[in-house]
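# Architecture and fold: a report
The chain contents come next:
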Amino acid sequence: MADQQEEEDLRMALRMSMQNSPPEPKRSKPREAANLATTTPDESRRLQRELMAAAAEKRMLATAKSVPASGSPLKSDSGGDIGTKEMEIKAKEVKLGNELSEKEAYQLFFMVFGSGVSKDILAQWSNQGIRFSPDPETSMILVQHEGGPCGVLAAIQAFVIKHLLFCPDDLVKATQSTPQNSTPRRFSKNQYVASNNFAAFTENAKARALVKSMGEILFLCGNNKRAVIATLSSIGDGVEESEDSPTNVIIAQALEGLSIESASDLHKVLRVETYTTPASAYKRLEAIIPVFQSRMGALLFLISALLSRGLDCVQADRDDPSLPLVTAPFGHASQEIVNLLLCGQAVPNVFDGRMDLGGGMFLKGVSTNVDVGFLTLLESLNFCKVGQNLKCPKWPIWVVGSESHYTVLFALDTAVQDENELEERESQIRKAFDAQDQSGGGGFISVEGFHQVLRETNIRLPSVKLDSLCGSGFIVWSEFWQVILDLDKSLGGLQDSTGQMGQKIFDLYHFNGIAKSDLNGSQFSSGGETPMQRPRLTKLRVSVPPRWTPEEFMADVAVLPSGSAGTQPIGKDTEVAKPEPSQHAPLVDCIRTRWPRAVCYWVGDPPSIV
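Residues numbered from 1 in each chain as written. Predicted model: local features only at pLDDT ≥ 70, side-chain atom pairs only at ≥ 80, totals over all residues. Heavy atoms only, no water.

## Here we look at the pattern of salt bridges
Taken as a whole and assessed by the stated rule, the structure comprises 16 salt bridges. In this structure, E137 and R534 form a salt bridge, with 3.2 Å as the shortest nitrogen-oxygen distance. Linking E137 in the loop between α6 (119-125) and α7 (150-166) with R534 in strand β15 (residues 528-544), this pair joins segments that are 397 residues apart in sequence. Here the salt bridges do not stand alone but share partners, grouping K162, E216, D371 and K394 into one network. (Salt bridge = Lys/Arg side-chain N within 4 Å of Asp/Glu carboxyl O. Helix = DSSP H or I, 4+ residues; strand = E, 2+ residues; numbered from the N terminus.)

## Regarding the pairing of strand β7 (residues 354-358)
Sheet topology places β7 next to strand β8 (residues 361-364); four bridges connect them, and they run antiparallel. Counted as the bridge partner of G358 is M361 from β8. Here β7 folds back onto β8 in antiparallel fashion, the turn holding two residues, of which G359 has a positive phi close to 65 degrees. (Pairing = 2+ DSSP bridges.)

## Considerations on the nonpolar core
The biggest cluster of nonpolar side chains holds 105 residues, and the ones touching the most others in it are F113, I156, F198, F292 and F301. The dominant element in this core, judged by the number of residues it contributes, is α7, at 13 residues. In this view, F292 contacts G129, I130, M214, I229, A230, L285, G297, L300, F301 and S304; residues no more than four positions away in its chain are not counted. (Core = buried A, V, L, I, M, F, W, Y, C linked by side-chain atoms within 4.5 Å. Buried < 20%, exposed > 50% of the residue type's maximum accessible area, 1.4 Å probe, protein only. Contact = heavy atoms within 4.5 Å.)

## Points about the packing of aromatic side chains
Tallied over the entire structure, the rule returns 19 aromatic pairs. Both rings, one in Y106 and one in F110, keep their centres 6.3 Å apart while their planes meet at 35 degrees; by these two values the pair is tilted. With Y106 and F110 both in helix α5 (residues 102-113) and four residues apart, the pair spans about one turn of that helix. Relative to F511, the ring of F198 has its centre 6.1 Å away and its plane inclined at 80 degrees; by these criteria the two rings are edge-to-face. One end of the pair, F198, is in the loop between α8 (169-174) and α9 (203-221); the other, F511, is in strand β14 (residues 504-525), and 313 residues separate them in sequence. Taking relative accessible area as the criterion, F198 reaches 4% and is therefore assigned buried. Through successive ring pairs, a cluster of aromatic residues spans F433, F450, W477, F480 and W481. When the ring centre of F362 is taken as reference, the NZ or CZ atom of R354 above it lies at 3.7 Å. Lying across the ring of W595, R594 places its NZ or CZ 4.8 Å from the centre. (Phe/Tyr/Trp six-rings, centres within 6.5 Å; stacked < 30°, edge-to-face > 60°. Lys NZ or Arg CZ within 6 Å of the ring centre and 35° of its normal.)

## Remarks on the state of the cysteines
As enumerated under the stated definition, the model contains zero disulfides in all. The closest cysteine sulfur to the non-disulfide-bonded C221 is located on C343, 8.5 Å from its own sulfur. (Disulfide = S-S within 2.5 Å.)

## A closer look at unusual backbone geometry
The omega angle of the peptide bond from A328 to P329 is 5 degrees, so this bond is cis rather than trans. Checked against the element boundaries, P329 lands in the loop between β5 (326-327) and β6 (332-333). Not every positive phi belongs to a glycine, and N223 is a case in point at roughly 60 degrees. For N223, the position within the fold is in the loop between α9 and β3 (227-232). Backbone geometry places N458, a non-glycine residue, at a positive phi of 55 degrees. If you trace the backbone, N458 turns up in the loop between α20 (447-457) and α21 (463-470). Taking the relative accessible area as the measure of exposure, N458 reaches 54% and is therefore exposed.

## Describing the packing of α9 against helix α12 (residues 278-287)
As a packed pair, α9 and α12 sit with axes 9 Å apart at the nearest point and diverge in direction by 130 degrees. Relative to α12, the element α9 is oriented oblique. The crossing of α9 and α12 is right-handed. Only P278, A281, Y282, L285 and E286 of α12 make contact with α9, whose side of the interface consists of V211, K212, M214, G215, E216 and F219. Here the contact of α9 with α12 is built from residues that sort into seven nonpolar, one polar and three charged. (Axes fitted to C-alpha atoms, helices over the stretch in contact; angles between N-to-C directions. Parallel < 35°, antiparallel > 145°, perpendicular 65-115°, else oblique. Left-handed = near helix turned anticlockwise from the far one by under 90°. Nonpolar A, V, L, I, M, F, W, Y, C, P; charged D, E, K, R; others polar.)

## Here's the deal with the pairing of β3
Among the six residues that make up β3, six are buried, leaving the element largely enclosed by the rest of the structure. Side chains of β3 alternate between two faces, with A227, I229 and T231 and V228, A230 and L232 buried alike.

## A short note on the confidence of the model for the protein chain
When the pLDDT values of the protein chain are averaged, the result is 77; 68% of them are 70 or greater. Taken together, the stretch residues 53-84 has pLDDT below 50 and engages in 38 contacts with residues farther than four places along the chain or on a different chain. Under a pLDDT of 50 for its full length, residues 548-579 has, in the predicted model, 69 contacts with residues more than four places off or in other chains. (pLDDT = per-residue confidence, 0-100.)

## Thoughts on helix α14 (residues 297-309)
Think of an α-helix as turning once every 3.6 residues; residues three or four places apart then point the same way. Here α14 is 13 residues long and its end C-alpha atoms lie 18 Å apart, about the 18 Å a rise of 1.5 Å per residue gives. Buried residues dominate α14, accounting for 13 of its 13 residues. Looking one or two residues beyond α14, the residue adopting positive phi is G310, at roughly 100 degrees. (Expected span 1.5 Å × (residues − 1).)

Structure representation (structure tokens):
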């Protein structure tokens, strides 16, 4: 009789594990029997369901462990065989949403916000959903209404662009077993040029791209082994739309009066679920995507990413774990948050690898190539140096950082990152130089490091040039680079007598998700014209002149050939049809850190990175 009951419980657990929505969360302690008399019928049934699921889970784990070493399979309800490994997987799927321990909740809160966080910053992070813009011309942009969470939104936005433009469903299905495209894939211009009709994406396509992007990022944070999804106990699984109330109304009602102002609040309301396969995580994200669209969405996703990585691993990634991840005084996402979402590690720096400071001390940078890259205005101001891993991602998409905001830059044509023989040579030399740069991005190295660069890159400098460069005791990149431009190719330099280096001309697009008033997108009301709150989309024509002869390197002059621009407008922008004076904005300085001496043109207001 006991065996029959255990088998029935096992079947119930398996059925529950395969439902669309996971069961209600388990509580850390069972309610006292005395409390049952005061519960409602619904609560009583829910409690019974939890207890039965927990008991069935324990029995199933015990059953899986008791399978003989010979691997004799158990029989499923349908008559099929369930092996030991599959039983263990099913046992894991029975896991319900759990509350964080009090210790974990406090560690998480102080890691993110620190001890002196203001109510304004907490409000910013508690009032930002992950939602697409309702404006047709910018409908693929995640719109931001509050300051602070832009780093989270920009990272998700970059992956959404990747999935919408460069990963059609057949490509995604081919790699769905792995949450990240693990194999670098570089297409030539003729192989992959995405459409520029951004308004053509359906709501369903955008929703799929959002779910895939969020799941991919979480598995990236979880070392491609797990994804932790954080949600709220006040919402639970009841997010399905009813006849009387749409989903957003149900969630808004559930969130009414909810605030997170302390670690104790976080401990009370947070529930987490762990998934070990992308398919199960995608399914769960799809079911609760309205929760992430709610005002708590950005904060819940950040928490999900941190827990996917593991709180102890996050602290180990950082150079200074005592500082909060949300920076004071304005509550912006730190570089550690952005790096976590782009490369899976919460490292604080943007250079490649790590920098040895001596005495066993290191500064941590990005150690692997990434799908989505990063550029920053701070590099143009010589405050840092972005390494090749972030500067040259697998796809032509970059999160762009300024002093106070994060936006997104991308190209439709993967060929913008193609390099000719000499460009590849420059990248090789620059990477070797940066590896010896212990100045934190200052652009100079020691004499000893310089000789190492020459050995690694097979550069044979004449003794006069070598003595001149080493005379001051350190070597500056700009001076070294000028020598390389003058040095013949036979000696490892870039001097090319043919002069046939060519000029690159291509388009870039810039998304700024912060919603601002736009008179051109105004709506009419009874009181007259009302400016529409909408994100910003700017198209830039970029011309990169040849940079391989000393004369042109020093001239810093470029000419855009007449008629080189296309003819199709994007949104309210129009193509540049004739040569015009070069235009400048802080975004151009960011672009030049990727394409030196680039000249940019656009129509209308300058692109904004603030």
